[in-house]
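Below, each chain spelled out in residue letters.
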Amino acid sequence: MKIFHPVKDPTLLTVYIVASLVGSFLVLALMHKFLSLRAKGRFITALTFLAGFFYSLEFFLPAKNGKNFLTPWVEPVGDALAVIGAFAFPLGLVSLAIVHWGNIKRKREGWYFSLVLFIATIAMALSAFLSYYAHLSIAKKIYSCLFDGLYIPLGVAMMSTLAFYIVSAAYRAFRVTNVDAILMMGAAIIVMLGQIPFGMWLTSWLPMQGIVSSLRIENVSNWFMTVVNMSVQRAIGFGLAVGGIAMALRVWFSLERGMQMGGK
Amino acid sequence: MEWLIQLRQIKRQWIYLSLAVLVALPLFFKIRLPFFVGPQAKGVYEAVKNLPEDKVVLLAMDWGAATKGESMWQAQAVIEHLFKEKKPFVILGYDIQGPQLSEELAEKLAKKYGRNYGEDWFNVGFITGGLPFLQRIAKNFQAAFKQDSVKRKPLSSLPLARKVRDIHDIGLIIDITGSQSYGDWLTIQGNFKVPLAIACTAVITPDLYPFLDSKQLIGMLSGLKGAAEYEALIKGSHRKTTLKMMMSQSMAHLLIIILIVLANIGLYIERRRRSG
Amino acid sequence: MEHATTGVAILELSITGAILFSIFWARGGKEFFLRRIAAFSVIDEAIGRAVEMGRPILFCTGLSGLGVTFFQALAILSYVVRRAAEYGVRVIVPLFASEVYPLTEEVCKEAYRAAGKLEEYNPSDVFFLSNDQFAYASGVVGIMHRERTATHFFLGDFAAESLILAEEGHSVGAMQIAGTPATLQLPFFVAACDYTLIGEEYYAASAYISREPIIVGSIKGQDLGKIILLFLSLSGVIGVTLGGKMAIIFQNLFR
């Protein structure tokens, strides 16, 4: 669609950007001043409905060669929504800055950690910008130290602690107190053994072919995963999908009153 | 008998220490046990082997450093197989780190197999925008990317990139993921009927069996076991390492089973004592 | 698929129709029965625990961005914050996605206003923490230990960090209620938390708490939708098993 083609002329582009920002600000300011809380709520409800209606209509309308009259609008609308979402990103940074600046200003307990946050954020951002745009080697070294030397190993370390937590959680929680628990425990042990060489070794004396081969632990484990687990996952998936549709309908028609402005 | 009841209350610190020691043991001592390859890994292997000559493989590296323990080994095995079979591929990913970490793997393996960037593979890096962006790539790959992420040159300057115009030039998608990004790739598979295989962390695999059953997936690599299976199939350079790591995983699983049994013995004896 | 085929359109419109029908039926005065869900029954008890211990509540929405999962968590958050505000207990809400911050802040403020305690609302209790999964998990664990939170709510989208949060929460002795549509994380929550919402129980939260007819009606509609799917699945199984024309019809129903 021509209206959404990228503008190459820098002057025209600047004019468009400034006009959009000023225009949006004016519209929002006027709405904030003149509309009551209830009217604002109704406006949000109408906008929510239109947004959902657009995508639903585009999906359900018959398509010729994969297109109906709404299809050319899908991409630009998606881009517009992504841009609106991107405006929300600084909100998070502002919230973080306000909270931690407050900690430093009032010298609350652990205020030095808030100082570390600011130093780390600025160091990472500056080194990344300088190494990418100015190609400074010292900036590249700092960025590499912070990203490859600190950020990546920290993520890996946190993920590694999961192994310990799984063991302690399993030890604490898995108590065989009734028939259901016995069945669950049996299935869990078989599946766990079926994943590891030790388990495969236990039944390696059974033939690889023929009916008896289905008793090999890796085959039994595979049966649990591809038959029992798969059907249960499908069942839960159906339930969640229908639940998701119901929830989406409630959001689309703004029936979740608690989240509306002026709602109860 | 008191000590049996105490088995229910082993301190966390002892459990963690046992786990650390047992997981480390196979890395220092050779323990050889049989290892068999499952049908899901064979599906991925056959798909790569039977890829048509004029098609390219799309590697979606949707993993980061956090899932390196599983995803990196899968990525390494898949890339080595592609280099061995001389199948061209393109790397991209939803995770910022994935394409970057995979590029390091590809460059190391490329030296071993004499492969060249731009001719045998290229990397367009981190992608954002979710499913709408994937739809855009599927319709016009060249228009979706200004440049590649390694040389930072226009795609038209890379011989292999010139051959990838849209989804019809892609013969296979392999999504190596540590998250649930596969939903978008399943949609692409459904829309354009491109074969799709997923290599994921072990915790995600139960979710994927329905898609294997409905033939939306032609194969799956499940966690470190999947990586070890694939290395065994391709007779890769890291098959001994992945098998060693599988032994470590065996130790962890065995510890969990033993601890559960001990705890339940303690519980049973305590109950008997109470009712007796 | 990019556009609905006839089969998909009929199926989707049937399920949507069933849900809308139930909503209008409920609006007309029909009362529907909701079975007891343990996790919801103890929300007040969980809040009461925090009141007795004089320690704050932690409400963690996980990795939820702006979507239906988050809106559901918000519905429960609104109730929890209102009840907590009535008793003067803080609710700490660390957020993963920055775009949900204004909405969450607004919901919490409204809840305090509804409880008549707007002056006690502390804006720094609702804050953006990090949009990196494990940085977020580390931050939440830090909050648990520093603030010594008495009750934890884990409601939203979770991934691998679910077990870290639940185990650490258990280690500080907190009462924990969890719920997520991410089925892969449910085993970890079931093992480490006191109460867990499984599957679509999570989506029934706002109906259970508010008992508003429209929302209860939509839960009933979900059941009707599931009956439609069940009927379709059974017919498909029988049809494909019988083979011949029936098998072809069912196999191509949604193509």
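Keep in mind the model is a prediction, meaning the values are calculated, not measured.

Examining helix H12 (residues 239-275) of chain B
Part 1: With 37 residues, H12 of chain B should reach 54 Å at 1.5 Å per residue; the first-to-last C-alpha distance of 54 Å fits that figure.
Part 2: Along H12 of chain B, the residues classified as buried are Thr242, Met245, Met246, Met247, Gln249, Ser250, Met251, His253, Ile256, Leu259, Ile260 and Ala263 of chain B.
Part 3: Contacts from the buried residues of H12 of chain B go to helix H6 (137-173), helix H7 (179-195) and helix H8 (197-202) of chain A together with helix H2 (12-28), helix H4 (68-84) and helix H11 (223-234) of chain B.

Digging into the interface of chain A and chain C
Interface size is often expressed as the accessible area that is lost when the parts come together.
Part 1: In this complex, chain A contributes 43 residues to the contact, which on the side of chain C involves 46 residues.
Part 2: In terms of residue count, the dominant contributor to the side of chain A that touches chain C is helix H9 (residues 217-252) of chain A (15 residues).
Part 3: Classifying every residue of the side of chain A that touches chain C gives 28 nonpolar, 13 polar and two charged.

Some thoughts on unusual backbone geometry
Residue and element names in this part refer to chain A.
Part 1: Phi angles above zero are rare outside glycine, and lysine 107 is one such case at about 50°.
Part 2: Mapped onto the fold, lysine 107 is located in the loop between helix H4 (89-105) and helix H5 (111-134).
Part 3: A residue is classified by how many C-beta atoms lie within 10 Å of it, and lysine 107, with 8 of them, is exposed.

Regarding the pairing of strand S5 (residues 175-179) of chain C
Residues and elements named next belong to chain C.
Part 1: Among the five residues in S5, five count as buried, and that is most of the element.
Part 2: Side chains of S5 alternate between two faces, with Met175, Ile177 and Gly179 and Gln176 and Ala178 buried alike.
Part 3: Here S5 pairs with strand S6 (residues 195-197) via three bridges, running parallel. If you follow isoleucine 177 over to S6, its bridge partner there is tyrosine 195.
Part 4: Chirality of the crossover, the property in question, places the unit of S5, helix H8 (residues 186-192) and S6 among those that are right-handed.

Description of the confidence of the model for chain B
All names here are of chain B.
Part 1: Across chain B, the average pLDDT comes to 92, with 100% of residues at or above 70.
Part 2: No element of chain B has a lower mean pLDDT than helix H1 (residues 2-6), at 74, and none a higher one than strand S5 (residues 196-200), at 97.
Part 3: For this predicted complex, the interface confidence comes out at an ipTM of 0.85, alongside a pTM of 0.86.

Comments concerning the sheet that holds strand S3 (residues 126-128) of chain C
Residues and elements named next belong to chain C.
Part 1: The strand order across the open sheet built from six strands is S3-S2-S1-S4-S5-S6, with neighbouring strands paired in parallel fashion. The strands lining the two open edges of the sheet, one partner per strand, are S3 and S6. Ignoring which end each strand starts from, the neighbouring axes of this sheet average 15° apart.

What about the nonpolar core?
Part 1: Judged by nonpolar contacts, the single largest core of 185 residues is most densely connected at Leu59, Val78 and Val90 of chain B together with Ile57 and Val80 of chain C.
Part 2: Domain assignment of the residues forming this core places at least three in each of domain 1 (6-34 + 211-251) and domain 2 (38-209) of chain C.
Part 3: Apart from residues lying up to four places away in sequence, isoleucine 57 of chain C is in contact with Ile47, Ala50, Val80, Ala84, Val89, Arg90, Val91, Thr149, Ala150 and Thr151 of chain C.

Quick notes on the sheet that holds strand S3 (residues 121-126) of chain B
Residue and element names in this part refer to chain B.
Part 1: Judged by pairing direction, the sheet is parallel, and its six strands sit side by side in the order S3-S2-S1-S4-S5-S6 without closing on themselves. Since the sheet does not close on itself, it has two edges, and those belong to S3 and strand S6 (219-222), each with one partner. On average, each strand axis in the sheet is inclined to that of its neighbour by 15°, with strand direction left out of account.
Part 2: Its contacts with the sheet place helix H5 (residues 97-113) against strand S1 (56-62), strand S2 (89-93) and S3, and it is angled at close to 150° to S2.

Looking at the environment of arginine 12 of chain B
Part 1: Turning to its location among the elements, arginine 12 of chain B is positioned in helix H2.
Part 2: Taking the number of C-beta atoms within 10 Å as the measure of exposure, arginine 12 of chain B has 15 and is therefore partly exposed.

Quick word on helix H9 (residues 182-192) of chain B
Residue and element names in this part refer to chain B.
Part 1: Taken together, the buried positions of H9 are occupied by Tyr182, Trp185, Ile188 and Gln189. When H9 is viewed along its axis, its buried side chains cluster within an angular range of 115° and face the same direction.
Part 2: In this fold, the buried residues of H9 make contact with S1, helix H6 (130-139), strand S4 (170-177) and S5.

What to know about the interface of chain C and chain B
Part 1: Listed by partner, the interface residues are eight residues for chain C and eight residues for chain B.
Part 2: Grouping the amino acids of the side of chain C that touches chain B by side-chain chemistry returns five nonpolar, two polar and one charged.

Structural notes on the environment of serine 204 of chain A
Part 1: Inspection of the secondary structure assignment puts serine 204 of chain A in the loop between H8 and H9.
Part 2: Sequence spacing of serine 204 of chain A and isoleucine 217 of chain A is 13 residues, and the spatial spacing of their C-alpha atoms is 8.6 Å.

Here we look at the pairing of S5 of chain B
Residues and elements named next belong to chain B.
Part 1: Taking burial as the measure, the five residues of S5 include five buried ones, the bulk of the element.
Part 2: Burial along S5 is two-sided: the residues Leu196, Ile198 and Cys200 and Ala197 and Ala199 are all buried.
Part 3: Where S4 and S5 come together, five bridges link them in parallel fashion. Bridge assignment links isoleucine 176 to a residue of S5, and that residue is alanine 199.
Part 4: Between the parallel elements S4 and S5, the chain passes through H9 in a crossover that is right-handed.
Part 5: Two elements, S5 and S6, share four bridges in a ladder whose sense is parallel.

Rules and cut-offs
- Residues numbered from 1 in each chain as written.
- Chains lettered and ligands numbered in written order.
- Predicted model: local features only at pLDDT ≥ 70, side-chain atom pairs only at ≥ 80, totals over all residues.
- Helix = DSSP H or I, 4+ residues; strand = E, 2+ residues; numbered from the N terminus.
- Expected span 1.5 Å × (residues − 1).
- Buried ≥ 20, exposed ≤ 12 C-beta atoms within 10 Å, placed from the backbone.
- Contact = placed C-beta atoms within 7 Å.
- Nonpolar A, V, L, I, M, F, W, Y, C, P; charged D, E, K, R; others polar.
- Pairing = 2+ DSSP bridges.
- Right-handed = clockwise from strand over helix to strand, strands pointing away.
- pLDDT = per-residue confidence, 0-100.
- Axes fitted to C-alpha atoms, helices over the stretch in contact; angles between N-to-C directions.
- Core = buried A, V, L, I, M, F, W, Y, C linked by C-beta atoms within 7 Å.
- Domains from an automatic or database assignment.
- Arc of directions from axis to C-beta.

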